[in-house]
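# Topology and contacts: notes
Given next are the chains, with one letter for each unit.
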Amino acid sequence: MPIIINLDVMMAKRKMSLNELSEKVGITLSNLSILKTGKAKAIRFSTLESICEVLDCQPGDLLEFHNKE
Amino acid sequence: MKTQTILNIMFFLAWFVFIALLIKAGTILTTFSISWFNDMAAEKMYFDLDLSMYKSYSPIHYSLIVINKVILITAQAYVALLMTELLKGFNLKNPFNHLTVRLMEKICFSILVIWVMSIIHNAHLKALEKSVGLSAEYLDGSYLLWSALVYVLAQVFKRGVEIQTENQYTI
């Protein structure tokens, strides 16, 4: 998929672990892991909002578009 | 709850049909073997199935008709077996899965085989009727319609699997 999720980069910048983020955002570790590994097919605005709030960032910091061509 | 009960009843019905068809195929095969020693057996192959006129006309045609009938019944039994597997693995909470789609596709192709076999059978009987004047009992030719219907359902289920997977991976 050409959309890349830079969740691990933002987590590293904020020095936050996956467990901590999971607790603060309120989504399960497995779902967060799916998001982090790029297996997710879609992300809800509510989830994106929560992650942005906890990591204090913009949606653009988390999502990146990479054209394969 | 009601749907689950209906599915359970259908599961047992499919098992019943599977066993009944196997018995039918076995009976025809047995009477076919006996008919080589006793001509009376060809008159009552299975309930009202009388193939004695074909036997008296030509043993080769008689054998071909019996073999075709046995293959047809076995294929029908296979479809019934696939139905039991489909109903056994059917989960109403998570109905769209790859196993269901694969089984539906198998059922579709098996029905297609039955359709081809019934066409061969009917063509054979028609040729005999024309050339020798033996009255024939043709098989139902609507199998193609059933096959197409199951194929469409399989494609719908395939799309269902895709939507379900997408839903599962929406965070």
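Throughout what follows, the structure given in this document is the object of discussion. (Residues numbered from 1 in each chain as written. Chains lettered and ligands numbered in written order. Predicted model: local features only at pLDDT ≥ 70, side-chain atom pairs only at ≥ 80, totals over all residues. Heavy atoms only, no water.)

### A look at the overall build of chain B
Counting its secondary structure elements, chain B contains 5 helices and 0 strands. For chain B, the sequential pattern of α-helices and β-strands runs α-α-α-α-α. In terms of C-alpha radius of gyration, chain B reaches 20 Å, well past the compact-globule figure of 16 Å for 171 residues. C-alpha extents for chain B along the principal axes are approximately 70 × 30 × 20 Å. Split into buried and exposed, the 171 residues of chain B put 37% on the buried side. (Helix = DSSP H or I, 4+ residues; strand = E, 2+ residues; numbered from the N terminus. Rg over C-alpha atoms; globule rule 2.2 N^0.38 Å. Buried < 20%, exposed > 50% of the residue type's maximum accessible area, 1.4 Å probe, protein only.)

### What about the pattern of salt bridges?
All told, the structure shown has 4 salt bridges over all chains when counted by the stated rule. For A:Lys24, the salt bridge is made with A:Glu20, and the minimal N-O distance between the two is 3.1 Å. With A:Lys24 and A:Glu20 both in helix H2 (residues 18-25) and 4 residues apart, this pair spans about one turn of that helix. B:Lys55 is the salt-bridge partner of B:Asp39, the closest N and O atoms lying 3.0 Å from each other. On the criterion of sequence distance, the pair formed by B:Asp39 in the loop between helix H1 (2-35) and helix H2 (52-57) and B:Lys55 in helix H2 is long-range, its members being 16 residues apart. Of the residues examined, B:Asp39 reaches a relative accessible area of 52% and is grouped as exposed. When its relative accessible area of 15% is taken as the criterion, B:Lys55 is described as buried. (Salt bridge = Lys/Arg side-chain N within 4 Å of Asp/Glu carboxyl O.)

### Some remarks on empty space enclosed by the protein
Residues and elements named next belong to chain A. Tallied over the entire structure, the rule returns 1 cavity of 30 Å³ or more. Approximately 40 Å³ is the volume attributed to the largest cavity. Lining the largest cavity, in full, are Ile5, Leu7, Leu35, Ile43, Leu48, Ile51, Leu62 and Leu63. Of the residues contributing to the lining of the largest cavity, the split by class is 8 nonpolar, no polar and no charged. (1 Å grid on protein atoms, 1.4 Å probe; cavity = no way out; pocket = protein on both sides within 12 Å on 5 of 7 lines; lining within 4 Å. Points joined across faces, edges and corners; volume = space filled by probe spheres on them. Nonpolar A, V, L, I, M, F, W, Y, C, P; charged D, E, K, R; others polar.)

### Observations concerning the packing of aromatic side chains
Two descriptors summarise a pair of aromatic rings, namely the distance from one centre to the other and the angle between the planes of the rings. Residues and elements named next belong to chain B. A complete count under the given rule lists 7 aromatic pairs over all chains for this structure. Measuring from ring centre to ring centre gives 5.8 Å for Trp36 and Tyr62, while their planes differ by 75°; the resulting arrangement is edge-to-face. Here Trp36 is found in the loop between H1 and H2, whereas its partner Tyr62 is found in helix H3 (residues 59-88), with 26 residues between them in sequence. The exposure class of Tyr62 is buried, given its relative accessible area of 0%. (Phe/Tyr/Trp six-rings, centres within 6.5 Å; stacked < 30°, edge-to-face > 60°.)

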